[in-house]
Amino acid sequence: MKLSTYNFLTSMAIKGVKVGFPLKLTINKKEEVESEFNPTFIERLLPKLDWAAIYGAAQVAELADDIPPTQPENIGENELLLQKLHHLLFEIDVLEGQLECPETGRIFPITDGIPNMLLNEDEV
Amino acid sequence: METPYTDHLTREDYDHVYEPAEDSFLLLDALEKDLNFLEKLKPSLCVEIGSGSGVIITALAKKIGTGSICLATDINLKACDATRKTAVRNGARVCPIRCNLTDALRSRTVDVLLFNPPYVVTSDEELQTQQFNSGAEPSTERNLVFSWAGGKDGRRITDLLLDKLDDVLSPTGVLYLLLLQENKPNEIIKHLDSLHFRAVKFLERRIPGEYLHILKVTRSLT
């Protein structure tokens, strides 16, 4: 699971959960994969990024020094930061770990790189 | 658009995962036909529901390259796994998520949504509890049944998605939906109109035993 995917995941489908975001991320095993840097795209993606969630993910991925706690202005002119965002979002692949619903504590395992967000009938 | 390599998938994989067929290729052709539109749309998030082997989302991811995030959902773990392998085999960036429809995704984020639903008209019993029981691994046979059994009018799963489409698509989002004539596409177009979506028959094809449609669905401007 790429951290760009993590940015979009919620446990909102659980009955009674209001926001379900950001999920609490735990990484037990990750690998780095190379992915072509497309600065224009990273900039275009910014409105869909939840900066707090991304910053949290950077801390878990031990890349906290790369990402400022709040989104800087004029980020499009900061190619170095765009590059670091790209690395965080597209080059870290979480192979084993888990996601935890911030409201209910429900655990969603990540196994072989695939997050299992499937709910049981009594949870929805 | 190039058809992705699938030589890494075996007969055994297709015992658990829907094998690409005419319906899959019609959806690919629809995307090919609408490439100009997609290039102008500049989607940042593309999602395929029920990706199965992963050929469709992989073909799109190859075409868009690094210009978008491509995600794939499937309730079947073996399909998620096949999708991941197909993406890797073709050097495409696709991330599979095991979930029902788009339930695990934040609201109103999806710019391009693809769905080749289980559309075959069956009894409702055939798809009972299909989206549940994450703990229990369904049997081989059940995995495949869930890939095609659509219940009454072959619409049970499709209707579930359409009723929450407003919460799924981004403000400029588009859905490409594969349907069978028996799913009553005209009725679906009317239903979508009442939900403030504009649906058009974008592509159709007769194949032996089936008449297939691709609906293109966008938000109504009014």
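See the structure above.
Thresholds, definitions, all that
Residues numbered from 1 in each chain as written. Chains lettered and ligands numbered in written order. Predicted model: local features only at pLDDT ≥ 70, side-chain atom pairs only at ≥ 80, totals over all residues. Helix = DSSP H or I, 4+ residues; strand = E, 2+ residues; numbered from the N terminus. Rg over C-alpha atoms; globule rule 2.2 N^0.38 Å. Buried ≥ 20, exposed ≤ 12 C-beta atoms within 10 Å, placed from the backbone. Contact = placed C-beta atoms within 7 Å. Core = buried A, V, L, I, M, F, W, Y, C linked by C-beta atoms within 7 Å. Axes fitted to C-alpha atoms, helices over the stretch in contact; angles between N-to-C directions. Parallel < 35°, antiparallel > 145°, perpendicular 65-115°, else oblique. Left-handed = near helix turned anticlockwise from the far one by under 90°. Nonpolar A, V, L, I, M, F, W, Y, C, P; charged D, E, K, R; others polar.

Trainee: Just to check I follow, could you spell out the overall build of chain A for this structure?
Mentor: A count of helical and extended segments in chain A gives four helices and four strands. Element order for chain A, N to C, with α for helix and β for strand: α-β-α-α-α-β-β-β. Relative to the 2.2 N^0.38 estimate, which gives 14 Å for 124 residues, the radius of gyration of chain A is 15 Å and therefore close to what a compact globule would have. With respect to the three principal axes, the spread of C-alpha positions in chain A is 50 × 30 × 20 Å. Counting across all 124 residues of chain A, residues that qualify as buried make up 35%.

Trainee: Any chance you could explain the environment of leucine 105 of chain B here in plain terms?
Mentor: Mapped onto the elements of the fold, leucine 105 of chain B is located in the loop between strand E3 (94-98) and strand E4 (110-115). Judged by the 25 C-beta atoms lying within 10 Å of it, leucine 105 of chain B falls in the buried class. Sequence separation between leucine 105 of chain B and threonine 10 of chain B is 95 residues; the distance between their C-alpha atoms is 31 Å. Excluding residues within four positions of it along the chain, leucine 105 of chain B makes contact with Phe8, Leu9 and Thr10 of chain A together with Val47 and Val110 of chain B.

Trainee: Mind showing me how you'd approach the nonpolar core here?
Mentor: Residue and element names in this part refer to chain B. Core analysis: the largest hydrophobic core is formed by 92 residues, its most contacted members being Leu27, Leu60, Leu113, Leu175, Tyr176 and Leu177. Top element by residues in this core is strand E5 (residues 169-180). It accounts for eight residues. For leucine 60, the contacting residues outside a window of four places in its chain are Leu31, Cys46 and Cys70.

Trainee: How do you make sense of the packing of helix H4 (residues 55-64) of chain B against helix H5 (residues 77-89) of chain B when you look at a structure like this?
Mentor: Packed helices, taken two at a time, are described by the angle their axes make and the gap between the axes. Residues and elements named next belong to chain B. One way to put it is that H4 packs onto H5 with a least axis distance of 9 Å and a crossing angle of 30°. Judged by the angle between their axes, H4 and H5 are roughly parallel. Seen from above, H4 lies across H5 with right-handed handedness. Every residue of H5 that contacts H4 at Val55, Ile57, Thr58 and Ala61 is listed here: Thr83, Thr86 and Ala87. Counted by class, the contact of H4 with H5 contains four nonpolar, three polar and no charged residues.

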